[in-house]
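A closer look at the structure
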Amino acid sequence: MTLRLTNTLTRRIELFEPLVPGQVSIYCCGVTVYDLCHLGHARSYIAWDVLRRYLIWSGYQVTFVQNYTDIDDKILGRAAEEGSSMQAVSERNIEAFVADMARLNILPPDRMPRATQSLDAIRSLITELEAKGAAYSADGDVYFAVMKHAGYGKLSGRDLAEQQDNAAGRVASAEEDRKQHPFDFALWKGSKPGEPSWESPWGPGRPGWHIECSAMVREELGDTIDIHLGGADLIFPHHENEIAQSEAASGHELARYWLHNGMVNVGGQKMSKSLGNFTTIRALLDSGITPMTLRLFTLQAHYRKPLDFSSEALEAAATGWKGLNAALGLASTLTLGAAPACPPALAASRQRFAAAMDDDLNTAAALAVLFELAKPLRALANRLERGDSSAAEEAQAPELVDQGQLLLELAGVLGLQSETEAKTTTTSPGPSDAEIQAQIEQRQAAKAAKDFPAADGIRDGLRAQGIELIDRPGGITEWLRG
RNA sequence: GGCGGCAUGGCCAAGUGGUAAGGCAGAGGAUUGCAAAUCCUUUACCCCCAGUUCGAAUCUGGGUGCCGCCUCCA
């Protein structure tokens with residue numbers, strides 16, 4: 001396979017070659033657990049889940065680490081608001097995060113370290129940076145000295161010399177005064193009274209945001225990893241600072257490939273808490289949008305491009321998913337019998353899928369292959385649902401069984417799975433089969449008497465109870481729940 | 001101001017030199033008492049201008065518009 005990925009570091013598409021053949025180490029920047037996750041997070045983690053699944057499908061052994069930032073001003077703020085503790089807020093949101101990711105069929109990371117559980121690694125990394133002259137302490141804080149680190153700005157394309165006088169907009173503050181350069185950032189913050197704090201050589205305090213990732217990457221995966229993931233909004237300063245810290249300490253390149261996903265926009269603007277234009281994952285899923293619809297919606301766009309969120313686009317995805325789901329549902333019932341060798345036509349589909357994914361994870365193009373594979377299956381599924389007897393025979397065709405198998409396999413790479421069960425779990429009791437049958441007979445009688453208003457009235461009444469009538473040739477009426 | 005990205009049919013969105021994937025919506029047809037659902041068919045010269053080329057949505061230059069980052073953010 002020849003996977004090529006856009007590397008933010010070089011701003012180019014590069015052939016992906018892991019450090020150790022056959023193995024891939026990945027670190028993904030996780031969430032700050034001060035609130036529920038929104039669509040932006042969903043988009044990001046779905047994209048990386050697909051990367052991971054594709055690598056596994058391609059035969060790689062993947063180690064995927066993703067952190068929780070559970071020390072942060074916003075968590076503290078939230079705890080103060082509700083009169084609880086930083087830990088309580090974190091625990092609650094971690095629980096919600098795990099549940100949300102599971103609903104979206106995102107594979108759990110192999111390890112999920114937390115800042116609060118990585119203090120030793122953090123402190124020793126800061127100590128090391130201080131010893132190497134890359135950091136300095138001031139009034140209980142410790143800062144990273146960007147001027148001492150050659151290469152600062154290489155990820156985000158920033159030039160320190162040019163940016164020097166560009167600090168005009170920065171608010172003058174006590175912290176700014178302590179810094180030697182406006183871009184210097186805190187590795188350790190001395191604690192204020194009442195705040196949670198940890199002991200350290202610099203006094204009680206807590207770690208800065210960027211250092212935890214550097215420490216966790218090193219502790220979990222080593223000095224150099226294959227792929228580092230995150231949202232495009234993390235490029236500067238977070239990832240830039242992470243690189244500076246890690247590389248200043250180890251002397252080795254932190255990550256060989258940096259991948260960043262585009263933002264989710266609403267009405268042309270980034271979805272964010274501060275703008276108040278966000279929709280949480282659970283609000284969306286609870287409103288009736290299925291997890292797979294959401295997955296399909298995000299995968300229809302390339303992961304690096306901004307994705308516009310609108311209810312119209314989501315509805316389109318929902319309708320699109322309905323068709324794909326029907327095909328997947330049928331395919332999963334056709335698994336009986338030994339699958340013959342993949343016919344040439346299907347081999348071509350498989351190749352087109354792989355070629356699309358190899359091309360910087362072009363999931364939109366890969367989905368086109370799925371839709372094409374799904375088309376005949378979906379049509380057959382619809383005929384079967386209507387009791388078309390000739391369809392049952394066609395479903396025996398080995399080519400179709402094969403096609404279904406391939407569809408299931410490729411959909412699985414994108415984390416798409418049939419949602420057939422979800423529908424039947426609706427709790428509304430509705431009329432019994434016998435009642436429905438009686439209604440249908442009444443309608444037949446009305447139709448025979450050309451009393452169409454009455455016939456339509458019966459049909460509308462049933463529809464209101466979630467029963468859809470389907471008139472088939474020959475005067476037979478089928479019905480479907482839901 | 002600095003850095004980066006994007007502009008393709010009604011909407012979303014692939015395509016990076018050879019005459020435009022896919023999804024949704026729409027239209028026509030089949031079917032129907034009418035519908036719904038389903039099936040079949042069908043709809044674009046790619047923001048503007050100039051250039052390179054036998055040939056460009058695709059490369060170069062200029063312009064216009066939009067977005068992200070530069071403070072926390074997936």
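Residues numbered from 1 in each chain as written. Chains lettered and ligands numbered in written order. Predicted model: local features only at pLDDT ≥ 70, side-chain atom pairs only at ≥ 80, totals over all residues. Heavy atoms only, no water.

Topic: the domain arrangement of chain A
For chain A, the assigned domains are domain 1 (4-261), domain 2 (269-424) and domain 3 (433-481). The straight-line distance from the C-alpha centre of domain 1 to that of domain 2 is 34 Å. Between domain 1 and domain 2, the residue contacts involve 34 residues of the former and 41 residues of the latter. The junction of domain 1 with domain 2 conceals about 3200 Å² of combined surface from both sides, 61% of it contributed by carbon and sulfur atoms. Among the residues domain 1 hides against domain 2, the three largest losses belong to L39, R43 and W57. Together they make up 24% of the total. Salt-bridge contacts for D49 lead to R295; the nearest nitrogen and oxygen are separated by 2.7 Å. Taken together, the connections running from domain 1 to domain 2 amount to 22 residue pairs in polar contact (both at pLDDT 80 or more). Those elements that place two or more of their residues in the side of domain 1 that touches domain 2 are strand 1 (4-7), helix 1 (39-57), helix 3 (86-103) and strand 10 (255-261). (Domains from an automatic or database assignment. Contact = heavy atoms within 4.5 Å. Buried area = accessible area lost by both parts, 1.4 Å probe. Salt bridge = Lys/Arg side-chain N within 4 Å of Asp/Glu carboxyl O. Polar contact = N/O pair within 3.5 Å; in protein donor to acceptor, adjacent residues only side chain to side chain. Helix = DSSP H or I, 4+ residues; strand = E, 2+ residues; numbered from the N terminus.)

Digging into the pattern of salt bridges
In total, this model carries 29 salt bridges according to the counting rule given. Among the ionic pairs, R256 bridges to D226, the shortest N-O distance being 3.6 Å. Here R256, found in strand 10, pairs with D226, found in strand 9 (residues 225-231); they are 30 residues apart in sequence, far enough to count as distant. Since its relative accessible area comes to 22%, R256 is described here as partly exposed. Look at the salt bridges and you will find they share partners, linking D35, R78, E81 and K273 into a network. (Buried < 20%, exposed > 50% of the residue type's maximum accessible area, 1.4 Å probe, protein only.)

Digging into the sheet that holds strand 9
Spatial strand order, 4-3-9-10: four strands in an open sheet with parallel pairing. Two strands close off the open sheet at either side, each with one partner strand: strand 4 (61-66) and strand 10. Shown here is a sheet whose adjacent strand axes are inclined to one another by a mean of 20 degrees, direction ignored. (Pairing = 2+ DSSP bridges. Axes fitted to C-alpha atoms, helices over the stretch in contact; angles between N-to-C directions.)

A closer look at the nonpolar core
Membership of the largest hydrophobic core comes to 128 residues, with the highest contact counts inside it found for W48, L51, L55, L129, I227 and L370. A per-element tally of this core places helix 1 first, with 10 residues. Per-domain counts for this core show at least three residues from each of domain 1 (4-261) and domain 2 (269-424). Those residues within four positions of W48 in sequence are excluded, and the remaining contacts are C28, F64, L229, G230, L259, H260, N261 and Y303. In this structure, I436, L462, I467 and L469 belong to the second largest nonpolar core, which totals six residues. (Core = buried A, V, L, I, M, F, W, Y, C linked by side-chain atoms within 4.5 Å.)

Points about the packing of aromatic side chains
Here the structure, examined in full by the defined rule, presents 12 aromatic pairs. Residues Y68 and F97 carry aromatic rings whose centres are separated by 5.7 Å and whose planes lie at 85 degrees to one another, so their mutual orientation is edge-to-face. With Y68 in the loop between strand 4 and helix 2 (73-82) and F97 in helix 3, this pair connects stretches of sequence that are 29 residues apart. The buried category is assigned to Y68, whose relative accessible area is 3%. Considering the side-chain rings of F144 and F185, the 5.2 Å spacing of their centres and the 15 degrees angle between planes classify their relative orientation as stacked. Here F144, found in strand 6 (residues 141-144), pairs with F185, found in strand 7 (residues 185-190); they are 41 residues apart in sequence, far enough to count as distant. F185 shares its class with F144; the two are buried. (Phe/Tyr/Trp six-rings, centres within 6.5 Å; stacked < 30°, edge-to-face > 60°.)

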